[in-house]
Amino acid sequence: MPEKTLPRDLSVALAGDLDTAMAQHLIRPDGEEDLLFALWTPSAGASRLTALVHTPLFPREGERQRHGNVSFNPEYFERVASEAVAEGCGIAFLHSHPGPGWQGMSPDDVRAELRMAGAAAALTDLPLLGMTVGNDGTWSARMWERTGPKQYERRWCRSVRVAGEVLRVSFADRLVRPPRWREEFKRTVTVWGEEAHATLARLRVGIVGLGSVGSIVAEALARMGIERFVLIDFDEVQRHNLDRLLGATRRDLGRLKVDVAARQIRRAATAERVSVRRVPAAVTEEEGYRAALDCDVLFSCVDRPWPRQVLNHLAYGHLIPVIDGGIQVRFRRGKFTGADWQAQTVGPGRTCLECLGAFDRSDASTEREGKLDDPSYLAGLPVDHRFRRNENVFPFSANLASLEVLHLVALATGTPGIEAAVQRFRTMPGVLDRVDVASCAAECDMASLVAQGDRYFPLHGHDHSAVAARMRQEAGAASAKA
């Protein structure tokens, strides 16, 4: 029987509040090491497997011993294994080291994880995930891959991302090399510094929708030194796109928008090495959805409700922050009366797209039924209905794209004076407002789905509210049992 092999690209993600809770336990004031176990769920992209860590199982009295180093009793692992099997999740073993940065492993670390690797894989059918946190909060991670009978090999993860109010990503420099200094991004590095630039440059950035806004976002990121792009759009260039689509000419009529954007990225790139993956599919299709799962952050440059619903799920269920924007142009009796555009970042710790009003669930259902592509259905709507009017012009798109790119800078670097708040520009009277928003509604499903990954697949019209309700019910039963 052939052995299961892990993808070449491995990563880990956890929500910001969980990172804080686990770091407070692991990083001790006395400088000694500590440990704990947690559960994780897979997020299987087209080429990357991400372990989504979500349920910490802190040690109980007598389950571990601290003696400068730290060890645990078999009863602790047995309790964790029982929880993992009951939940259908993988097992993560986490411990701390007293030094900063990405941590290696001592011989004792290797022996401890090797002893658990076989049992974890046999019980859960998922590899053991090992994680170490340095005293500065930097995570490192590896998975133990079965290579033969009773044989397991350590595979280092390329990155660990913490998704919350900010996006913190630690990279294995040996696998994802920091960018070398180049004169081309001298001014860029001057603004937010070499460390922040090294983080930004190595993010795998997905852009969903390569139309008027997405094409400008792509150009801006290429000039900033971003190295890895995933472009997701099924559409072709048409004549009415030419007044808004950056880089497109009459010679591109009939070409895929992702091809035009890829060409522009390569022309504008300041990075030494650039990878551009073109995905001619919608994010609501399997191919586009799995490609999005390979990303560290996503730009939502779509104007339909169903793609936004899927992206909303990705932001929470798979811990991939989504930077979203939209433009509304208003007419009265055929005359332009004004326009607004809004940019927002969503993910754990933030209000979701549905609660922000970026899409309506009933509209997403209408689109899934194919009605938004049905001329007879559209003809029956009022002339000013939101499904019939999507006028836009290049200056509006350029302004919104700029706001979205600044949201990425704020999210990943924390540059002073730039914040990833909900921002709305109103042409009448010509002001940019910071919009104060409430938390998600009490009945919102997203909090229940944080880091649940592949346990829920949102395509093909599946209703995530039923899944969320079941998860809340299970969580309540488990709490009562405890």
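Everything discussed here concerns the structure shown above.
Counting restarts for each chain: residues are numbered from 1 in the order of the written sequence. For this predicted model, a pLDDT threshold of at least 70 governs which residues receive local features, and a threshold of 80 or more governs which side-chain atom pairs are given and counted, while totals over whole chains, interfaces and linings are taken from all residues. Hydrogen atoms and water are omitted, and side-chain values are computed over all heavy atoms in the structure.

Participant: Run through the packing of aromatic side chains, naming residues and quoting values.
Facilitator: Paired rings are identified among Phe, Tyr and Trp, the last through its six-membered ring, by centres lying within 6.5 Å, and are further divided according to the angle between planes into stacked (under 30 degrees), edge-to-face (over 60) and tilted (the rest). Following the criterion strictly, the structure yields 10 aromatic pairs and no others. The interplanar angle of 50° and the centroid separation of 6.3 Å between the aromatic rings of W102 and W156 together place this pair among those described as tilted. Highlighted residues: W102 in the loop between β6 (90-96) and α3 (107-124) and W156 in strand β9 (residues 151-156), separated in sequence by 54 residues. Residues W341 and F396 carry aromatic rings whose centres are separated by 4.8 Å and whose planes lie at 35° to one another, so their mutual orientation is tilted. Linking W341 in strand β17 (residues 335-346) with F396 in helix α11 (residues 394-413), this pair joins segments that are 55 residues apart in sequence. Between buried and exposed lies partly exposed: a residue is buried under 20% and exposed over 50% of the maximum accessible area for its type, with that area taken using a 1.4 Å probe on protein chains only. Of the residues examined, W341 reaches a relative accessible area of 3% and is grouped as buried. Members of the aromatic cluster, connected to one another through ring pairs, are F37, F72, Y76, F77 and F93. Helix numbers and strand numbers start at the N terminus; a helix is a DSSP run of H or I with at least 4 residues, a strand a run of E with at least 2.

Participant: Now, about the pairing of strand β10 (residues 159-163): what can you tell me, with residues and values included?
Facilitator: Counting buried residues in β10 gives five out of five residues, a clear majority hidden from the surface. What you see with β10 is no split at all: S159, R161 and A163 on one side and V160 and V162 on the other are buried throughout. A pair of strands is labelled paired if DSSP reports no fewer than 2 bridges between them. Pairing between strand β1 (residues 9-15) and β10: five bridges, direction parallel. Residue pairing for β10: S11 is matched across the bridge by S159. Bridge count between β10 and strand β11 (residues 167-171): five bridges; the pairing is antiparallel. Bridge pairing links S159 to F171 in β11. Counting the residues between successive antiparallel strands, the hairpin from β10 to β11 contains three residues.

Participant: Describe the packing of helix α4 (residues 186-202) against α11, and please don't skip the residues or the numbers.
Facilitator: For helices, the fitted line uses only the C-alpha atoms of the stretch in contact; every axis is such a line through C-alpha atoms, and the angle between N-to-C directions lies from 0 to 180 degrees. Contact geometry of α4 with α11 gives a least axis separation of 10 Å together with a crossing angle of 105°. One element, α4, and the other, α11, form an angle in the roughly perpendicular class. Along its contact with α4, which presents W192, A196, T199 and L200, the element α11 presents L408, V409, A412 and T413. Three categories are distinguished: nonpolar for Ala, Val, Leu, Ile, Met, Phe, Trp, Tyr, Cys and Pro, charged for Asp, Glu, Lys and Arg, and polar for the others, with Gly belonging to the last. For the contact of α4 with α11, the class distribution of residues is six nonpolar, two polar and no charged. Should an angle fall under 35 degrees it is called roughly parallel, over 145 degrees roughly antiparallel, and 65 to 115 degrees roughly perpendicular, with every other angle called oblique. Residue contacts are defined here by distance: any two heavy atoms, one from each residue, within 4.5 Å place the two residues in contact.

Participant: Tell me about the side chain of S215, residues and numbers included.
Facilitator: Along the chain, S215 falls in helix α5 (residues 212-224). For S215, a relative accessible area of 7% corresponds to the buried category. Contacts of S215, omitting those with residues within four sequence positions, involve L210, R244, L245 and L246.

Participant: Provide a residue-level description of α5, including the pertinent values.
Facilitator: Every α-helix winds through 3.6 residues per turn, so residues three or four apart in the chain are directed the same way. An expected span of 1.5 Å times one less than the residue number is assigned to each helix. Given a rise of 1.5 Å per residue, 13 residues ought to cover 18 Å, and the 19 Å separating the end C-alpha atoms of α5 matches this to within 8%. Taken residue by residue, α5 has S212, V213, G214, S215, I216, V217, A218, E219, L221, A222 and M224 as its buried positions. Positive phi appears at G225, one or two residues downstream of α5, with a value of about 100°.

Participant: Outline the state of the cysteines, supporting the account with residue identities and numerical values.
Facilitator: The rule for a disulfide is simple: a pair of cysteine sulfur atoms within 2.5 Å. For the coordinates displayed, the defined rule picks out zero disulfides. A disulfide-free cysteine, C444 has its sulfur positioned 3.7 Å from the sulfur of C352, the nearest such atom.

Participant: An account of empty space enclosed by the protein is requested, with residue identities and associated values reported.
Facilitator: A 1.4 Å probe that fits into a set of points on a 1 Å grid over the protein atoms alone but cannot get out defines a cavity; an open set with protein on both sides within 12 Å along at least five of seven lines defines a pocket, and lining residues are those with an atom within 4 Å of a point. Grid points are joined across faces, edges and corners, and a volume is the space filled by probe spheres set on the points. Considering all chains together, one arrives at two cavities of 30 Å³ or more under this definition. As a volume, the largest cavity reaches approximately 60 Å³. Residue lining of the largest cavity: D9, S11, R48, R158, S159, F171, V176, R204, R228 and D296, and that is the complete set. Looking at the lining of the largest cavity, its residues break down into two nonpolar, two polar and six charged. Estimated volume of the second largest cavity: approximately 40 Å³. In this structure, the second largest cavity is lined by P179, R180, R182, F185, E227, A271, E272 and R273. Here the lining of the second largest cavity is built from residues that sort into three nonpolar, no polar and five charged.

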